[in-house]
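Read off the chains here:
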Amino acid sequence: MRAGFDTHKPLAKTLEAKGVCNFSDLFEWTRALPYGRNSRRDDPMLILSEGRGTCSTKHAFVKLVAMEQDVPEIQLFLGLYRMHSGNTSGLGTIIQDAGLDCIPEAHCYLKINGKPLDLTTFESDFDRLAADLISEKEIYPDQIGTYKVQWHRQELQDWLASSRTPMPLDAVWSVREACIAALSGT
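Now for a description of the structure that goes with this document.

Cut-off values and rules
- Residues numbered from 1 in each chain as written.
- Predicted model: local features only at pLDDT ≥ 70, side-chain atom pairs only at ≥ 80, totals over all residues.
- Heavy atoms only, no water.
- Helix = DSSP H or I, 4+ residues; strand = E, 2+ residues; numbered from the N terminus.
- Buried < 20%, exposed > 50% of the residue type's maximum accessible area, 1.4 Å probe, protein only.
- Contact = heavy atoms within 4.5 Å.
- Pairing = 2+ DSSP bridges.
- Axes fitted to C-alpha atoms, helices over the stretch in contact; angles between N-to-C directions.
- Lys, Arg positive; Asp, Glu negative; His and termini not counted.
- Salt bridge = Lys/Arg side-chain N within 4 Å of Asp/Glu carboxyl O.

**Concerning the side chain of His152**
If you trace the backbone, His152 turns up in helix α7 (residues 146-163). Residue classification places His152 among the buried positions, given a relative accessible area of 2%. If we skip the residues at most four places from it in the chain, His152 touches Leu80, Pro104, Glu105, Ala106, Trp173 and Arg176.

**Description of the sheet that holds strand β4 (residues 133-139)**
If you walk across this open sheet you meet the 4 strands as β3-β2-β1-β4, and the pairing is antiparallel. A strand with exactly one partner marks an edge of an open sheet, and here the two such strands are β3 (115-117) and β4. For this sheet, the mean angle separating the axes of adjacent strands, direction not counted, is 40°. Against the sheet, helix α4 (residues 55-68) touches β1 (74-83), β2 (103-112) and β3, its axis set at about 20° to β2.

**Focus: the side chain of Glu68**
By secondary structure assignment, the location of Glu68 is in helix α4. Put simply, Glu68 is tucked away with no salt bridge, and the nearest opposite charge, on Lys9, sits 6.7 Å away. Contact partners of Glu68, with chain neighbours within four places excluded, come to Lys9, Pro10, Leu11 and Ala12.

**Digging into the pairing of β1**
Judged by how many residues are buried, β1 sits mostly within the fold: 8 of 10 residues are covered. In terms of strand pairing, β1 meets β2 through 10 bridges, oriented antiparallel. Looking across to β2, one finds that Leu78 is bridged to Cys108. Inspection of the sheet shows β1 paired to β4 by 6 bridges, in the antiparallel sense. Considered in β4, the bridge of Phe77 is made with Glu138.

**Some thoughts on the environment of Phe77**
Position of Phe77 among the secondary structure elements: in strand β1. Judged by relative accessible area, which is 10%, Phe77 ranks as buried. When the C-alpha atoms of Phe77 and His8 are compared, they prove to be 28 Å apart, with 69 residues separating the residues in sequence. When residues no more than four places from it in sequence are discounted, the contact partners of Phe77 are His107, Cys108, Tyr109, Lys111, Glu136, Lys137, Glu138 and Ile139.

**Thoughts on the pattern of salt bridges**
Counted under the stated rule, the structure contains 10 salt bridges. A salt bridge links Glu28 to Arg31, with the shortest nitrogen-to-oxygen separation between them at 2.8 Å. Here the residue Glu28 and the residue Arg31 both occupy positions in helix α2 (residues 23-32), the gap between them amounting to 3 residues, near one helical turn. Since its relative accessible area comes to 39%, Glu28 is described here as partly exposed. Look at Arg31 and you get buried, because its relative accessible area is 17%. Measuring nitrogen to oxygen at the nearest pair gives 3.9 Å for the salt bridge that ties Asp132 to Arg82. With Asp132 in the loop between α6 (126-130) and β4 and Arg82 in strand β1, this residue pair connects regions lying 50 residues apart in the sequence. Among the ionic contacts, a cluster of salt bridges with common partners joins Arg37, Glu105, Arg176 and Glu177.

Note that all results are geometric; they support no functional claim without further evidence.
The following block contains the structure:
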């Protein structure tokens, strides 16, 4: 990766005004944004105006900058991992209180030259969830909305069937939503 951004490009120009001049700066700036859902889950640009983001919007935004800067070695990934309090801090006992050991959770992150990088928060560490990773696939920023939700719900449905978990999909999705609310502090 080059030392600094080509500031003739729109995203780089916007970031430069925020003191973000290269990918190292961008990674730190992204980590520092508070974790929280944006008003639209499919628009990574909202992290600029709303000052917060999720794993999806934060990583998709970085991927957009990488695409603008012609840096193909930064890839956006969607993974499915077994979320539990041991690998995702801030959940408390929400999952256990629902009678589950874990919930398969969709998570976005980057890979740089094949090495995972999680910029969700300063506490995020891909290594904590790596052992619980079920699957992963490369995606593009325009896939963080409807595509991600549909894929995640189908994966949950498949998990419910294969694990013989006696809960309907909507009930598990509600437990998951409670987990996300806890992580957001809402």
